[in-house]
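Letter by letter, the chains look like this.
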Amino acid sequence: MIRLVFIGFGTVARGTLQILRDRAEFLRTTYGFEAMVVGVATRRGSVQAAAGLDLTALLACDSLEQYPDMSGIVRGASIPNIVESGDYDALIEVSATDLSTGEPAITSCRAALERGKGVITANKGPVALAFRELSDLARNNGAFFGYEGTVMGGTPALRLAREALAGCQITAVRGILNGTTNYMLTQMEAGQSYADALIEAQRLGYAEADPRGDVDGHDAAGKVAILANVVLGAELKLSDVETSGIRGISAADMEMARAAGERWKLIGSAVRNVKDGTIRATVRAERLPLSDPLAGVGGVSNAITYQTDLMGAITLIGAGAGGAQTGFAILSDLLEMHRDAGR
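These numbers come from a predicted model, not from an experiment.

Rules of the game
- Residues numbered from 1 in each chain as written.
- Predicted model: local features only at pLDDT ≥ 70, side-chain atom pairs only at ≥ 80, totals over all residues.
- Heavy atoms only, no water.
- Helix = DSSP H or I, 4+ residues; strand = E, 2+ residues; numbered from the N terminus.
- Rg over C-alpha atoms; globule rule 2.2 N^0.38 Å.
- Buried < 20%, exposed > 50% of the residue type's maximum accessible area, 1.4 Å probe, protein only.
- Areas by Shrake-Rupley, 256 points an atom, 1.4 Å probe, with all protein chains shown as cover.
- Lys, Arg positive; Asp, Glu negative; His and termini not counted.
- Charge placed at Lys NZ, Arg CZ, Asp CG, Glu CD.
- Core = buried A, V, L, I, M, F, W, Y, C linked by side-chain atoms within 4.5 Å.
- Contact = heavy atoms within 4.5 Å.
- Axes fitted to C-alpha atoms, helices over the stretch in contact; angles between N-to-C directions.
- Left-handed = near helix turned anticlockwise from the far one by under 90°.
- Nonpolar A, V, L, I, M, F, W, Y, C, P; charged D, E, K, R; others polar.
- Patch = residues over 30% accessible without salt bridge, like charges linked within 9 Å, V, L, I, M, F, W, Y side chains within 5 Å.
- Salt bridge = Lys/Arg side-chain N within 4 Å of Asp/Glu carboxyl O.
- Pairing = 2+ DSSP bridges.

For the rest of this paragraph, the subject is the overall build of the protein chain. Check the secondary structure of the protein chain and you find 13 helices and 13 strands. In terms of C-alpha radius of gyration, the protein chain reaches 21 Å, essentially the compact-globule figure of 20 Å for 343 residues. Overall, the protein chain is about 70 × 45 × 40 Å in size when its C-alpha atoms are taken along their principal axes. Looking at the protein chain as a whole, 52% of its 343 residues are labelled buried. Looking at the protein chain as shown, the accessible area adds up to about 15100 Å², and 50% of this sits on carbon and sulfur atoms. Side-chain charges in the protein chain split into 32 positive and 39 negative, and the spacing between the mean points of these groups amounts to 2 Å.

Structure (structure tokens):
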């Protein structure tokens, strides 16, 4: 039985909790995997139970304050207190991403790994800004560090590179890494203006009220930094990613691309220079020929292409976000941690 503490109680946390509840019997009988959630904490409060929280009761709550007063319930402990002294096996860090500082998520991950606790996160901040430090901490303390959900949600982009393509040399990564802008560009190609496409994306919940992180390329840049550091072994900072977005694309630009048999996409890439080994990382709007696999990826879907020496170009397409989808990424890391513990 693996004891879990969640930091965060938003869409991803709830998606993961629902999977753990609904698939519990399947996971036990198929993989011998059993999990118990012993705590959930946010900046506003926390709830803990050494004997495990009732996931159905937890999922019925809009906030942790609504969790019923059952026997053994402890409330009010701070996030640092739970992380640094709580009794758990793995920390699930799914709080809101801050790509400026990575905090408080980096501090939470660091503290858990220093205690030899497993850490699984879908928060881009710790992996984009402190991957090398946290990886070294995990290795030095014999702890598991999982981060599959930080790129393309539940679509196994990182696991494809780390496991399925093991033995290949990956020389370049390029992809559509932000569903909001991909949806907007798809709508603009169909005739909508930038402004109308943004309003529609916000109405459907694809874009935030403040859309700058998406339309200016910052969200994609965080994922490019992760890909460069995890897959290509770089040590890039977010500031090393040359970043621009889609604001400047006009109806005339769309028409010119259409006439040339091309399509606009916001492309994140990291490419290794074969001569000196340096890596150039960029996020920018590009016109792709329709023959490019990435050109055919529409709507909110994400896609990634790995350029390899032995297999050539390998492209993976799938959902890039969503509670259930990213919850699956958390589950895939948990199952890897479970397998590693049994070896």
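That covers the picture; the talk isn't over yet.
Turning our attention to the nonpolar core. In terms of nonpolar packing, the biggest core is built from 74 residues, with L227, V231 and Y306 touching the most fellow members. It is helix α11 (residues 218-231) that contributes the most residues to this core, 9 residues altogether. Ignoring sequence-local partners within four residues, the contact set of V231 consists of L158, A161, I170, V173, I226 and Y306. Ranked by size, the runner-up nonpolar core spans 34 residues in total, among them F33, V40, A122 and L335.

Where helix α1 (residues 11-22) meets helix α13 (residues 323-341), the closest approach of the two axes is 7 Å, and the angle between their N-to-C directions is 60°. As α1 runs across α13, the sense of the crossing is right-handed. Taken together, the residues of α13 that come into contact with α1 (itself represented by T11, V12, G15, T16, I19 and L20) are G323, A324, T326, G327, F328, I330, L331 and L334. Along the lines of polarity and charge, the residues of the contact of α1 with α13 split into 8 nonpolar, 6 polar and no charged.

The next point concerns a nonpolar patch on the surface. Together, L204, Y206 and V300 line one region of the surface with nonpolar side chains, adding up to about 230 Å² of accessible area. When you line up the elements, Y206 lands in the loop between α9 (194-203) and α10 (212-215). The exposure class assigned to Y206 is partly exposed, which follows from its relative accessible area of 36%.

As summarised here, the arrangement of the 6 strands in space is β9-β11-β10-β8-β12-β13, forming an open sheet in which the pairing is mixed. Looking at which strands have only one partner, the edges of the open sheet turn out to be β9 (241-243) and β13 (312-319). In this sheet, neighbouring strand axes are inclined to one another by 25° on average, regardless of whether the strands run parallel or antiparallel. Where helix α12 (residues 251-259) meets the sheet, it contacts β10 (262-272) and β11 (279-289), and its direction lies at approximately 85° from that of β10.

The subject of this paragraph is the sheet that holds strand β1 (residues 2-7). Overall, mixed pairing links the 7 strands, which are arranged β4-β3-β2-β1-β5-β6-β7 in an open sheet. The open sheet terminates on both sides in strands that have one partner only, identified here as β4 (74-75) and β7 (145-146). As paired strands, strand β2 (residues 35-42) and strand β3 (residues 45-48) are joined by 4 bridges and run antiparallel to one another. Note on β3: the bridge partner recorded for T42 is G45. Relative to strand β6 (residues 118-121), α13 is tilted by about 160°, and along the sheet it contacts β1, β5 (90-93), β6 and β7.

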